[in-house]
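Breakdown of the fold
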Amino acid sequence: MSDGLLGGMSAREFLRRYWQKRPLLVRGALPGFRGVASRERLLALAARADVESRLVRRRGARWSVAHGPFARAVLPRDSTLLVQGVNLHLAAADRLLRAFSFLPQARLDDVMVSWAARGGGVGPHFDSYDVFLLQGTGRRVWRLQRPRRWQLVEGAPLKLIEGFEPDEEILAEPGDLLYLPPGWGHDGVALEECVTCSVGLRAPQGEELASAFLDFLHDRGLPRGTYRDPGLRPARRSGEIPRALADHAARTLRRIRWRRGDVENFLGVYLTTPKVQVVFARPSRPLARAAFARRLRRTPVALDRRTLMLTLGARLFCNGETYPASRALRALADRRRALVPAAPADLLYGWYLAGYLQLERDP
Ligand code: SIN
Ligand code: CO
């Protein structure tokens, strides 16, 4: 991590004093930072079907939102182009995300890059996750309001706070970092053409977790068995559900059980499952297995920027699959680039062929 990212403050102090408590502005956090992509690169990403992008426009009090891909994205006055998941495509954006390695990777989501024309912005809103806003080129004024029970503007095409009354105003210049905890109202308006990179945190909501867990239980296998009623008597009230059928349903559903281990396995799989649009690039001329195993002994491996690898206790999760964790694999998950001669060569060879990792070049 760049020493200046938190303005000389240690990660421990930042977490204790600011994390999920209050905003922090760090002037010159990344000196010389101009964003992670030129306007052309950003427009090229916004033209791709496998990249999530939005164009937000404001005309007076009227807002509109269009969703990409944008064949020829032209940026009209007072508009903002937002491109999500830029870290999956550009090495510079991945490096920016990894600069926040003092946070657990399980909590990092993605780097969103916005390109705003003068006067552009997405309006006063709040996010339900923490965000680090890094100002690239241009200046942007941020107006902030502390969390409260927000009212949203009815009928607006995007989430806008009704009656936004900022209690603080900040001018962000290139290289500045603004940290915002969840729930803070904020409105960023570009003073001139400007680029802002948002490092967004991931915080699964209860409903989202529960619904994914129910899918996981479904995939694992649900109770079988058909209801039979050989002793059925003539119905006195044919509209009534038989008590025996209700008992059967209760007994069957009670058989859906899970242990803490199932929850942990689910969580690892859930957090490491790549987004649907992610495609890994397989090596065009892969090494043979024996040559790979030889190289592995002396060459570090680096996880592909799209790879999600996490560990929990004795388990390792890689791109939605579960494996036994070992010391070498834990080092790889933590550092994402490591010399791991002791790692199981066959497993790594499979990941190499799938494009999940690469061998670094020989020195
Ligand atoms: C932006 O970059 O325009 C918006 C980022 C945010 O408000 O979260
Ligand atoms: Co926001």
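Residues numbered from 1 in each chain as written. Chains lettered and ligands numbered in written order. Predicted model: local features only at pLDDT ≥ 70, side-chain atom pairs only at ≥ 80, totals over all residues. Heavy atoms only, no water.

**A short note on the domain arrangement of the chain**
Annotation of the chain at the domain level lists domain 1 (2–201), domain 2 (205–225 + 241–258) and domain 3 (260–363). For domain 1 and domain 3, the distance between their C-alpha centres works out to 31 Å. Counting from both sides, the interface comprises 12 residues of domain 1 and, opposite them, 11 residues of domain 3. The junction of domain 1 with domain 3 conceals about 960 Å² of combined surface from both sides, 47% of it contributed by carbon and sulfur atoms. At the junction of domain 1 and domain 3, the tally comes to 1 salt bridge. The residue Lys 275 makes a salt bridge to Asp 109 at a minimum N-O spacing of 3.1 Å. (Domains from an automatic or database assignment. Contact = heavy atoms within 4.5 Å. Buried area = accessible area lost by both parts, 1.4 Å probe. Salt bridge = Lys/Arg side-chain N within 4 Å of Asp/Glu carboxyl O.)

**Some points on the pairing of strand E9 (residues 177–180)**
Burial of E9 is two-sided: the residues Leu 177 and Tyr 179 facing one way and the residues Leu 178 and Leu 180 facing the other way are all buried. Relative to E9, strand E1 (residues 24–26) runs antiparallel, the two sharing 3 bridges. Bridging across to E9, Leu 24 finds its partner in Tyr 179. In terms of strand pairing, strand E6 (residues 131–135) meets E9 through 4 bridges, oriented antiparallel. From the neighbouring strand, Leu 133 faces E9, where its bridge partner is Leu 178. (Buried < 20%, exposed > 50% of the residue type's maximum accessible area, 1.4 Å probe, protein only. Helix = DSSP H or I, 4+ residues; strand = E, 2+ residues; numbered from the N terminus. Pairing = 2+ DSSP bridges.)

**A few points about the site of ligand 1**
In the neighbourhood of ligand 1, the contacting residues comprise Leu 82, Met 112, Ser 114, Val 122, His 125, Asp 127, Leu 133, Arg 140, Trp 142, His 186, Thr 196 and Ser 198. Burial of ligand 1 by the protein chains amounts to 94% of its free accessible area of 260 Å². (Near = heavy atom within 4 Å. Areas by Shrake-Rupley, 256 points an atom, 1.4 Å probe, with all protein chains shown as cover.)

**With respect to the layout of surface pockets**
The calculated volume of the second largest pocket comes to roughly 380 Å³. Lining the second largest pocket we find Gly 231, Leu 232, Arg 233, Pro 234, Ala 235, Arg 236, Arg 237, Ser 238, Glu 240, Ile 241 and Pro 242. The class makeup of the residues in the lining of the second largest pocket is 5 nonpolar, 2 polar and 4 charged. (1 Å grid on protein atoms, 1.4 Å probe; cavity = no way out; pocket = protein on both sides within 12 Å on 5 of 7 lines; lining within 4 Å. Points joined across faces, edges and corners; volume = space filled by probe spheres on them. Nonpolar A, V, L, I, M, F, W, Y, C, P; charged D, E, K, R; others polar.)

**Re the side chain of Gln 145**
Turning to its location among the elements, Gln 145 is positioned in strand E7 (residues 140–145). Sequence-distant contacts of Gln 145, that is, excluding residues within four places in its chain, are made with Trp 150, Phe 164, Glu 165, Pro 166, Asp 167, Trp 184 and Gly 185.

**Topic: the sheet that holds E7**
If you walk across this open sheet you meet the 3 strands as E8-E7-E10, and the pairing is antiparallel. The open sheet has two edge strands, strand E8 (168–172) and strand E10 (185–190), and neither has a second partner. Between one strand axis and the next, the sheet turns through 20 degrees on average, direction left out of account. Note: E7 against E10, 6 bridges, orientation antiparallel. Counted as the bridge partner of Arg 140 is Ala 190 from E10. (Axes fitted to C-alpha atoms, helices over the stretch in contact; angles between N-to-C directions.)

**Let's talk about the coordination of the cobalt ion (ligand 2)**
Bound to the cobalt ion (ligand 2) on the protein side are His 125 (NE2), Asp 127 (OD) and His 186 (NE2), at distances that span 2.0 to 2.1 Å. Each donor residue of the cobalt ion (ligand 2) belongs to the same chain, and together they define the spacing H-x1-D-x58-H. With Asp 127 in the loop between strand E5 (108–116) and E6 and His 186 in strand E10, the pair connects residues that are 59 residues apart, well separated along the chain. Both residues of the pair, Asp 127 and His 186, belong to the buried class. (Donors = N, O, S within 2.8 Å, 3.2 Å for Na, K, Ca; no water.)

**Some words on unusual backbone geometry**
A cis amide bond, omega 5 degrees, links Gly 68 with the succeeding residue Pro 69. Structurally, Pro 69 is set in the loop between strand E3 (62–67) and strand E4 (79–83).

**Some remarks on the pattern of salt bridges**
Enumeration over the complete set of coordinates arrives at 14 salt bridges. Arg 48 serves as the salt-bridge partner of Asp 50, at 2.9 Å between the closest nitrogen and oxygen. What makes Asp 50 partly exposed here is its relative accessible area of 26%. As a salt-bridge pair, Arg 260 and Glu 264 come within 2.7 Å of each other at their nearest N and O atoms. Taken together, the positions of Arg 260 and Glu 264, both in helix H6 (residues 260–272) and 4 residues apart, correspond to about one turn of that helix.

**Quick word on the packing of aromatic side chains**
Where two aromatic rings form a pair, the distance of their centres and the angle of their planes describe that pair. Applying the stated criterion across every chain yields a total of 20 aromatic pairs. Plain terms: the ring middles of Phe 292 and Tyr 349 are 5.2 Å apart, the flat faces sit at 55 degrees to each other, and that makes the pair tilted. Within this pair, whereas Phe 292 is found in helix H7 (residues 289–296), its partner Tyr 349 is found in helix H9 (residues 345–354), the two being separated by 57 residues in sequence. Centre to centre, the rings of Tyr 323 and Trp 351 are 5.1 Å apart; their planes meet at 80 degrees, and the pair counts as edge-to-face. Note that Tyr 323 is positioned in strand E15 (residues 321–324) and Trp 351 in helix H9, a separation of 28 residues in sequence. Taken individually, Tyr 323 and Trp 351 each receive the classification buried, so the pair is uniform in this respect. A connected cluster of aromatic rings, assembled from ring pairs, spans Phe 14, Tyr 18, Trp 19, Phe 100, Phe 102, Phe 132 and Tyr 179. Directly above the aromatic system of Tyr 270 lies the positively charged group of Arg 202, at a separation of 5.4 Å from the ring centroid. (Phe/Tyr/Trp six-rings, centres within 6.5 Å; stacked < 30°, edge-to-face > 60°. Lys NZ or Arg CZ within 6 Å of the ring centre and 35° of its normal.)

**Here we look at the nonpolar core**
Counting 45 residues, the largest nonpolar core has Phe 14, Leu 96, Phe 100, Phe 132, Leu 134 and Leu 177 as its most contacted members. In contact with Leu 177, other than residues within four places in its own chain, are Leu 5, Leu 24, Leu 25, Val 26, Ala 29, Phe 100, Phe 132, Leu 133 and Leu 134. Counting residues in each nonpolar core, the second largest holds 27 residues, with Leu 88, Leu 316, Trp 351 and Tyr 352 among its members. (Core = buried A, V, L, I, M, F, W, Y, C linked by side-chain atoms within 4.5 Å.)

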